[in-house]
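# An overview of the molecular structure
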Amino acid sequence: MTALHPEGIGGSVYLPVALPQRLAELFGIVLQIAGEIDDPFEQVFFLMVHLPYLQPFGDVNKRASRLAANIPLVRHNLCPLSFIDVPAQAYVDAMLGVYELNDVALLRDVFVWAYERSCQQYVAVQQQLVPPDTFRLRYRNELAEAVAAIVRGGQDADEAAIRAVLPAAVAEEDRVRFVTLTLAEFKTLHPGNAIRFGLRPLEFSAWLEREAGRD
């Protein structure tokens, strides 16, 4: 392991432990206590407080603490913690509260805000990374063919009509699922996406009028 080096705090009168041997001892204690904490969020906050307070490294102590804080979250399959949107001065003030006053209240508030924000961003990213529907991709041409045939034929979008125009390329074992998928497509079909199925606006509007007349 890289040797531990005491480091002063810029802008603060707080003086961390300067004796390397004592620093190494306290660093080991911090890691041991962190490992004994069961709750991942308590573990995260413990590391965010005690690693910067101890200042065991020659540089990047606060950054190291934020990286280390993600270890419990990742191990418990929780949303990772990001400080991208945290105002720098808010974090600095929170850490000064720890250094100068041994008060974690402001850092706690910053942590809660940052984690809630991280969760929102993580969910947004996950939604953008939804795995593709391989069944839909495999039968995208056949799906377009079936939808277009029903619309152009002026038929109701029901199971019987779909089975009547079901493309031969659809495997026998996939036909039930294909019918279900086609029915779902008709529920979301509108003038804005009809072109995806090769339908001209006039064709689709004529089908909509026929559907309205049947109601």
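The paragraphs below set out a description of the structure included in this document. What you are looking at is a predicted structure, and each value in this text was computed from that prediction instead of being measured.

Reading guide: rules and limits
- Numbers given for residues are sequential positions, taken from 1 along each chain in its written order.
- It should be noted that, the model being predicted, local features are given only for residues of pLDDT at least 70 and side-chain atom pairs only at 80 or more, the latter also being counted only at that level, while totals for whole chains, interfaces and linings use all residues.
- Side-chain numbers come from the whole structure's heavy atoms, not from hydrogens or water.
- Runs of H or I in DSSP of at least four residues are treated as helices and runs of E of at least two as strands, each being numbered from the N terminus.
- Note on definitions: a residue-residue contact is assigned when non-hydrogen atoms from the two residues lie within 4.5 Å.
- The definition of a nonpolar core used throughout is a set of buried Ala, Val, Leu, Ile, Met, Phe, Trp, Tyr and Cys residues joined through side-chain atoms within 4.5 Å.
- The cut-offs for exposure are 20% and 50% of the maximum accessible area for each residue type, with area from a 1.4 Å probe on protein chains only; residues under the lower value are buried, those over the upper are exposed, and the others partly exposed.
- Whenever a nitrogen or oxygen atom comes within 3.5 Å of another N or O atom, the pair is scored as a polar contact, on the condition that within protein one atom can donate a hydrogen and the other can accept it, and that pairs from neighbouring residues in sequence are kept only if both atoms are in side chains.
- Inter-axis angles, ranging from 0 to 180 degrees, are taken between N-to-C directions of lines fitted to C-alpha atoms, where helices are fitted over the stretch in contact.
- Should an angle fall under 35 degrees it is called roughly parallel, over 145 degrees roughly antiparallel, and 65 to 115 degrees roughly perpendicular, with every other angle called oblique.
- Rotating anticlockwise by less than a right angle from the far helix to the near helix defines a left-handed crossing, while the corresponding clockwise rotation defines a right-handed one.
- Note on residue classes: Ala, Val, Leu, Ile, Met, Phe, Trp, Tyr, Cys and Pro are nonpolar, Asp, Glu, Lys and Arg are charged, and everything else, Gly too, is polar.
- The span one expects for a helix is its residue count, reduced by one, times 1.5 Å.
- Here the arc refers to the directions that run from the helix axis out to each C-beta atom.

Glancing now at the environment of Phe135. Among the structural elements, Phe135 can be located in helix α6 (residues 134-138). With 42 residues separating them along the chain, Phe135 and Arg177 place their C-alpha atoms 9.0 Å apart. Once residues lying within four places of it in the same chain are set aside, the contact partners of Phe135 are Asp174, Arg177, Phe178 and Leu181.

One finds Val147, Phe178, Leu189 and Leu199 to be the most contacted residues of the largest nonpolar core, which totals 24 residues. Those elements giving two or more residues to this core turn out to be α7 (140-152), α8 (159-164), α9 (175-187) and α10 (201-214). The element that contributes the greatest number of residues to this core is α7, accounting for seven residues. The contacts of Leu189, once residues within four sequence positions are left out, are Val147, Val151, Ala194, Phe197 and Phe204. Membership of the second largest hydrophobic core comes to 21 residues, among which are Leu73, Cys79, Leu81 and Phe83.

Below, the discussion takes up unusual backbone geometry. Although it is not a glycine, Gln55 sits at a positive phi angle of roughly 55°. Positionally, Gln55 belongs in the loop between α2 (40-54) and α3 (61-75). Taking relative accessible area as the criterion, Gln55 reaches 4% and is therefore assigned buried. Positive phi, normally seen in glycine, also occurs at Asn77, with a value near 55°. Along the polypeptide, Asn77 turns up in the loop between α3 and α4 (88-101). Classification of Asn77 as exposed rests on a relative accessible area of 72%.

Locating Ser65 in the fold gives a position in helix α3. On the basis of relative accessible area, Ser65 is assigned to the buried category, the value being 0%. A polar contact of 2.6 Å, which involves the side chain of Ser65, links it to the backbone oxygen of Lys62. With residues up to four places along the chain from it excluded, the contact list for Ser65 reads Leu47, Met48, Leu51, Pro52 and Tyr91.

So, about the packing of α2 against α3. Relative orientation of the contacting elements α2 and α3 amounts to 165°, with a least axis distance of 8 Å. It follows that α2 is roughly antiparallel to α3 by the angle criterion. In this structure, α2 crosses over α3, and the sense of that crossing is right-handed. Seen from α2, the contacting residues are Pro40, Phe41, Gln43, Val44, Leu47, Met48, Leu51 and Pro52; seen from α3, they are Asn61, Lys62, Ser65, Ala68, Ala69, Pro72 and Leu73. By residue class, the composition of the contact of α2 with α3 is 11 nonpolar, three polar and one charged.

The terminal C-alpha atoms of helix α1 (residues 20-36) lie 24 Å apart, and with 17 residues this matches the ideal 24 Å at 1.5 Å per residue to within 8%. Among all positions of α1, only Leu23, Leu26, Phe27, Val30 and Ala34 are buried. Each buried residue of α1 lies within a common arc of 105° when the element is viewed along its axis, so the set occupies one face. In α1, those exposed residues whose orientation departs by more than 90 degrees from the buried face are Gln21, Gly35 and Glu36. Summarising the contacts, the buried residues of α1 are in contact with α2.

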